[in-house]
Amino acid sequence: MEYHKEKTIQNYQGWDEFYNLEVSDKLDFFCKERKLFDIIFAQQFDRPFLNYICHLANQIRILAKTRMGSDKLSRLLVHKRAMLYFVQPSTRTFISFLNACHILGMKTSEIRGTTTSSEVKGESPEDTIRTFASYVDLIIARHPEAGFAEKTAWVLNQTNRPVSVVNGGSGPDQHPTQALLDIYTLERSFERIGGLDGKKIAMVGDLKRGRTVRSLSYLMKNYENVTLYFVAPDIFKMRDDIKSFLDKHAIKFYETDDFESIMPVVDAIYMTRIQKEYSSAPTKETDAYPDFHFTASHLDNIQSHCIIMHPLPRRYEIEVAVDKDPRAVYWRQERNGMWMRTALIAYLFGVENEIANEFS
Ligand code: NCD
């Protein structure tokens, strides 16, 4: 879990050149002192890190249950401040990050739309970001553009006050912290049956523009013998970049538009919403894909240990009646997000040993 190489800014000429590098060639740039410094891509996480961060999330979850434990947590980062720059709609990611900061005692400030910041006066996003860095120690950003969080980290890492940047969702590209909480949910759900290794996972819906399934797919390279089933209508099929990544890492995947046929086969079903905010033309009701919905009657078709996940918000993909079934884990998955994000922030600020000490 040591991230050895230091970033070598001088090797890169400018943003465009950097942005166009293969992700694997730029990971070092987001590390500092053998640790991850910025969280931008799911490809930054290796298996030891994933195991470790799940363990840390467990410890935080247990500590937070008691007054003494939560008091201890709330004193760890009283001297740190975070900025939540969320200029694309968000409920869960925003609130879970906000609560994660508060669990650790951090002070927070927020911008939830460009219309209330000086960007309306014509300030460039880069200058706006530098301004945040003058006041805070951590920036968590959600933005409709794919490369925004990455560019923020790139800009700040070249200033004399670099602060960590966490990608809270970058357009239709990536959502690395969602992938972490999804892994945490999968590992916890399969705790008694050998964890995530060897499992079969179906990802269903808008795989083309769903950043959650894209980031989660990248993480599969860290697990043994996982098989993915991409279930989508033709127009929302998983993009080639993910498929070549899976090929390169010898991860088995199948593509189908026949959802019912794979239901009995898989150990987890990850449902997603049609990401209609990325449709350029307001054509027909883009949510109308009933063949890619999970209804209460489907509960009879899945295995007794098969879990149903969803990053939420849901539209029509999962019938509300499904919520009552113990295999529906999406509300737990949502809560796991808060513990996982708390663990991530504790790790970024290096207070993980103080948490571990409570258990020794
Ligand atoms: C997802 C997102 O924003 O990408 N939601 C989330 O972060 N929990 C999924 C979605 O909006 O469909």
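Just so it is clear, the structure is predicted and the values come from calculations on it, not from any experiment.

Draft legend 1. Just the packing of aromatic side chains, in detail. Inspection of every chain in the model, using the stated rule, returns 19 aromatic pairs. With 5.1 Å between their ring centres and 55° between their planes, Tyr85 and Phe132 make a pair best called tilted. With a gap of 47 residues between them, Tyr85 in strand β3 (residues 81–86) and Phe132 in helix α6 (residues 125–135) connect regions that are remote in the sequence. Here the two residues Tyr85 and Phe132 agree in accessibility, since each one is buried. Site record: aromatic cluster; members linked through ring pairs are Trp15, Phe18, Tyr19, Phe29, Phe30, Phe41 and Trp154. Positioned over the ring face of Phe18 is Lys26, at 5.3 Å from the centre of the ring.

Draft legend 2. Summary view of the sheet that holds strand β4 (residues 107–111). Judged by pairing direction, the sheet is parallel, and its 4 strands sit side by side in the order β4-β3-β5-β6 without closing on themselves. Of all the strands in the sheet, the pair left with one neighbour each is β4 and β6 (164–170). Strand-to-strand twist across the sheet, computed as the mean angle between neighbouring axes with direction ignored, equals 15°. Judged from the 5 bridges that link them, β3 and strand β5 (residues 138–143) form a sheet pairing that is parallel. Within β5, the position partnered with Phe86 by the bridge is Arg142. Together, β3, β4, β5 and β6 form the strand contacts of helix α5 (residues 92–103), whose direction differs from that of β3 by roughly 175°. Sitting on the sheet, α6 is in contact with β3, β4 and β5, with an inclination near 155° to β3.

Draft legend 3. View of empty space enclosed by the protein. Within the structure shown, the criterion is met by 3 cavities of 30 Å³ or more. Each pocket or cavity is described by its volume, and for the largest cavity that value is around 80 Å³. Sorting the residues of the lining of the largest cavity by element identifies α5, α8 (176–189) and α12 (330–348) as the ones contributing at least two each. Taken together, the residues that form the lining of the largest cavity break down as 4 nonpolar, 6 polar and 3 charged.

Draft legend 4. Up close: the pattern of salt bridges. In this structure the tally under the stated criterion is 16 salt bridges. Across the pair Glu150 and Lys26 runs a salt bridge, and its minimum N-O distance is 2.8 Å. One end of the pair, Glu150, is in helix α7 (residues 148–156); the other, Lys26, is in helix α2 (residues 23–26), and 124 residues separate them in sequence. For the pair shown, Glu150 and Lys26 are each scored as buried. Asp325 is the salt-bridge partner of Arg327, the closest N and O atoms lying 2.8 Å from each other. In terms of burial, Arg327 and Asp325 fall into one category: buried. Through salt bridges with shared partners, one network takes in Asp173, Arg214 and Asp241.

Conventions used here
Note that residues are indexed from 1 along each chain, following the sequence as it is written. Only residues with pLDDT of 70 or above have their local features reported here, since the model is predicted, and side-chain atom pairs are shown and tallied only from 80 upward, although totals for entire chains, interfaces and linings are computed over all residues. Only hydrogens and water are set aside; all other atoms, that is, all heavy atoms of the structure, feed into the side-chain values. Each aromatic pair joins two rings of Phe, Tyr and Trp (for Trp, the six-membered one) with centres within 6.5 Å, and gets the label stacked for planes under 30 degrees apart, edge-to-face for over 60, and tilted for any other angle. Secondary structure elements follow DSSP: runs of H or I no shorter than four residues count as helices, runs of E no shorter than two count as strands, and numbering proceeds from the N terminus. Think of it in three bands: with a 1.4 Å probe and only protein chains considered, a residue is buried below 20% of the maximum accessible area for its type, exposed above 50%, and partly exposed in between. The criterion for a charge sitting over a ring is simple: Lys NZ or Arg CZ within 6 Å of the ring centre, and within 35 degrees of the ring normal. At least two bridges found by DSSP between two strands is the condition for calling them paired. Axes here refer to lines fitted to C-alpha atoms; in helices the fit is confined to the stretch in contact. Angles between the N-to-C directions go from 0 to 180 degrees. The criterion used for residue contact is that any of the two residues' heavy atoms lie within 4.5 Å. In this analysis, the protein atoms alone were mapped onto a 1 Å grid. Cavities are point sets where a 1.4 Å probe fits without being able to get out; pockets are open sets with protein on both sides within 12 Å along at least five of seven lines; lining residues have an atom within 4 Å of a point. Grid points are joined across faces, edges and corners, and a volume is the space filled by probe spheres set on the points. Classification convention: Asp, Glu, Lys, Arg as charged; Ala, Val, Leu, Ile, Met, Phe, Trp, Tyr, Cys, Pro as nonpolar; all other residues, Gly among them, as polar. A pairing counts as a salt bridge when a side-chain nitrogen of Lys or Arg comes within 4 Å of a carboxyl oxygen of Asp or Glu.

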